[in-house]
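Chain and residue survey
Okay, here's what each chain looks like letter by letter:
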Amino acid sequence: MYCTQCEQTSRGEGCYQWGACGKSPELDALQDLLIHSLRGLGQVAIAARDYGIIDRDADRFSCETLFATLTNVNFDPQSFVNYIDRAIALRDGLKQQLQAIAPQATIPEGAATFQPATGLDELIQQGRDLEYEFISKAAIDVDIFSLKLTVLYGLKGIAAYAYHARELSQEDDRVYAFCHEALAALDRNDLTLDDWVDLALKLGEINLRTMELLDAGNTGTYGHPVPTAVPLGPRVGKAILVSGHDLKALEHLLQQTEATGISIYTHGEMLPAHGYPGLKQKYPHLYGHYGTAWQNQTKEFAAFPGPILMTTNCLMPPHESYKNRVYTLGPVGWPDLPHIKNDDFAALIAIAQNLPGFTETGDSRQVMTGFARNAVLSVAGEVVEAVKQGKIRHFFLVGGCDGAKPTRNYYTELVEKVPSDCVVLTLACGKFRFFDKDLGEIGGIPRLMDVGQCNDAYSALQIALGLANAFGVEVNQLPLSMILSWYEQKAVAILLTLLYLGIENIRLGPTLPAFISPNVFGLLSKKYGLKAISTPDEDLAACLELT
Ligand code: FSO
Ligand code: SF4
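Note on numbering: residues in each chain are counted from 1, in written sequence order. Both sets of labels track the order of writing: A upward for chains, 1 upward for ligands. Only residues with pLDDT of 70 or above have their local features reported here, since the model is predicted, and side-chain atom pairs are shown and tallied only from 80 upward, although totals for entire chains, interfaces and linings are computed over all residues. For the side-chain quantities, the full set of heavy atoms in the structure was used; hydrogens and water were omitted.

**Section: the side chain of Thr 69**
Helix and strand assignments come from DSSP, with helices taken as H or I runs of at least 4 residues and strands as E runs of at least 2, each series counted from the N terminus. Relative to the elements of secondary structure, Thr 69 occurs in the loop between helix 2 (56-68) and helix 3 (77-101). A distance of 2.7 Å separates a polar side-chain atom of Thr 69 from the backbone oxygen of Leu 66. When checking whether two residues touch, look at their non-hydrogen atoms; a contact exists if any pair is within 4.5 Å. Other than its neighbours up to four places away in sequence, Thr 69 contacts Gln 5, Gln 31, Leu 34, Ile 35, Phe 80 and Lys 156. Here a polar contact is taken to be a pair of N or O atoms separated by no more than 3.5 Å, where protein atoms must pair a possible hydrogen donor with a possible acceptor and residues adjacent in sequence count only if both atoms sit in side chains.

Structure follows, in structure tokens:
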């Protein structure tokens, strides 16, 4: 097995025996075999596109199944066996269409002609062999291999966002075409280092477009988020917990639980759902938030007195104590967990009705969310004025993923030490390190603002661009520092978007990606000033000196 795609990779080098996330070597081989199949599908899709043949099923399938290979999404081997079969069927269907109108069209050998074995053990062996072949290329050029992995992992991030955007009827053929191109490129050995750098930056551009689509889907369907207070303690009664990023799935559940007396609680990345008028105001039983970030789920799910819906990553291997009340959805899977089909939540709702729910209230605290681009930019004038009057000295975007490493306390300490004349914008699950801190206000402007989920990096960028516009400067000239935490592959895509936009001096932690070679990191440091986090004190001092 060889997997380096996430921040918790074993010893910071790579998972070779067993995934630190719980992924088995067999599952890893099947995921790699699926990616090989998708590379072949990508090659055929590109050739077909040259003749005007576009197969939307193949486009959507590629994104959905790439998403399934992202960290902590799908642990069910059978899902991948089915996906591989379907990838080959879609590829061969496209080939037939292509050959019917252009018999002269050339399709490369390799992934595009690959035939999967029959039988699970044989498929796993095929996956292992192909993985070995892929890794053996690392020795030829370590930096190109590093960029290949960067592209592959970033692509998984795009695929996740494209999947969510499509659920909200937002699609762009440019995104799908790029996914096929990037997948097909992974099969090529003739690209130079510069070609791979260009492809990685193009990936950043396409991810920006994909996050824009998702933003349009979320805000177009549910309205622009508004600052909203969210209770952290429960109310007495039956309860369902919803985790992940999928607002559409949450909406379906809210519709099906209306007038049942069941309260719906958000977990992890679902917290910002409370800010959307089309969810919170329309469905008052979307009550509060429960728990913190994904890595605490085994403890938090065990204590939750109702069923749990996992809409996206990050699913951890479920404990026996709550396994019988966790449901998966979409690309998420675990072998023994029930999977929601056709948005029918009846079985999950029945479990909620049969469980006691909360019998007493607890924590009386609230947190605020909903400071997305519309809310923040609507007070851009006041913000600019506060900066001009010296009331606000600096903005810190402290965003990204959370994770289990103790070194992630850096982010808590940093936010605690941010001087009182500075404002913190945050997004994604990394915020759970400090989301409940009361940082107060500066002239009515909150000092801690939750912009939303990781995909709302799009919204944060619009805020930065809006402020730059109001000040008449470039984003890099704003009194703004980006201090990011990464864990999985959506964060890779977002980082490439920031680099594509030319954002400088980003600080990244808690550790640098294992798949980035020293030379590639050196290149990014030189061109963009990308750096690893150091200590909160040193980083704060360095950021504030810039203003
Ligand atoms: Fe966190 Fe997981 Fe949103 Fe990620 S829940 S780690 S970047 O999936 O997607 O922030
Ligand atoms: Fe290891 Fe992360 Fe890959 Fe899981 S996803 S096998 S933890 S590198």
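**Concerning the sheet that holds strand 5 (residues 308-310)**
Backbone hydrogen bonds hold the strands of a sheet together, and the pairing may be parallel or antiparallel. Read across the open sheet, the five strands follow the order 4-3-2-5-6; overall the sheet is parallel. The outermost strands of the open sheet, each flanked by one partner alone, are strand 4 (286-289) and strand 6 (326-328). Each strand axis lies, on average, 25° off the axis of its neighbour in the sheet, ignoring direction. Here, strands pair whenever DSSP counts at least two bridges between them. Direction of pairing for strand 2 (residues 239-243) relative to strand 3 (residues 263-266): parallel, over a ladder of four bridges. Paired with Leu 241 across the strands is Tyr 265, a residue of strand 3. Each of strand 2, strand 5 and strand 6 touches helix 12 (residues 346-354); the most contacted strand, strand 2, lies at about 135° to it. As a rule, the C-alpha atoms of each element are fitted with a line to give its axis, helices using only the stretch in contact, and angles between N-to-C directions run from 0 to 180 degrees.

**A few points about helix 18 (residues 518-528)**
Exposure classes here rest on a 1.4 Å probe applied to the protein chains alone. A residue is buried below 20% of its type maximum, exposed above 50%, and partly exposed in between. Along helix 18, the residues that are buried comprise Val 520, Phe 521, Leu 524 and Tyr 528. Angular distribution of buried residues about the axis of helix 18 spans 100°; they occupy a single face of the element. Of the exposed residues in helix 18, those oriented more than 90 degrees away from the buried face are Pro 518, Asn 519 and Lys 526. Next to the buried residues of helix 18 lie helix 5 (142-167), helix 7 (193-222), helix 17 (489-500) and strand 15 (531-532). Note that the arc is computed from the directions linking the helix axis to the C-beta atoms.

**Here we look at the packing of helix 2 against helix 6 (residues 173-185)**
For the pair helix 2 and helix 6, interaxial distance at closest approach is 10 Å and the crossing angle is 65°. In this view, helix 2 runs roughly perpendicular relative to helix 6, as classed from their interaxial angle. As helix 2 packs across helix 6, the resulting crossing turns out to be left-handed. Contact residues: Arg 56, Ala 58, Asp 59, Arg 60, Ser 62, Cys 63 and Leu 66 in helix 2; Asp 173, Tyr 176, Cys 179, His 180 and Leu 183 in helix 6. Small angles under 35 degrees read as roughly parallel and large ones over 145 as roughly antiparallel, with 65 to 115 read as roughly perpendicular and the rest as oblique. We call a crossing left-handed when the near helix sits turned anticlockwise from the far one by less than a right angle, and right-handed when that turn is clockwise.

**Focus: the domain arrangement of the chain**
The split of the chain into domains comes from an automatic or database domain assignment. For the chain, the domain assignment lists domain 1 (10-221) and domain 2 (228-354). Measuring from the centre of the C-alpha atoms in domain 1 to the corresponding centre in domain 2 gives 30 Å. Counting from both sides, the interface comprises 20 residues of domain 1 and, opposite them, 18 residues of domain 2. Counted as salt bridges are all cases of a side-chain nitrogen of Lys or Arg within 4 Å of a carboxyl oxygen of Asp or Glu. Inspection of the domain 1/domain 2 interface yields zero salt bridges. For the interface between domain 1 and domain 2, the tally reads four residue pairs in polar contact (both at pLDDT 80 or more). Mapped onto the side of domain 1 that touches domain 2, the elements with two or more residues apiece are helix 2, helix 3, helix 5 and helix 7. Each residue is assigned to one of three groups, with Ala, Val, Leu, Ile, Met, Phe, Trp, Tyr, Cys and Pro labelled nonpolar, Asp, Glu, Lys and Arg labelled charged, and all others, Gly among them, labelled polar. Within the side of domain 1 that touches domain 2, the residues separate by chemical class into ten nonpolar, seven polar and three charged.

**Points about the site of ligand 1**
Inspection of the region around ligand 1 gives His 245, Glu 269, Asn 313, Cys 314, Cys 401, Ala 428, Cys 429, Cys 454, Tyr 487, Glu 488 and Lys 490 as its neighbouring residues. Within the side chain of His 245, one N or O atom sits 2.7 Å away from an oxygen atom of ligand 1. Between Glu 269 and ligand 1, the recorded distance is 3.1 Å, taken from a side-chain N or O atom to an oxygen atom. Looking at the shell around ligand 1 residue by residue, the classes come out as six nonpolar, two polar and three charged. By convention in these notes, a residue is near a molecule or strand provided one of its non-hydrogen atoms lies within 4 Å of it.

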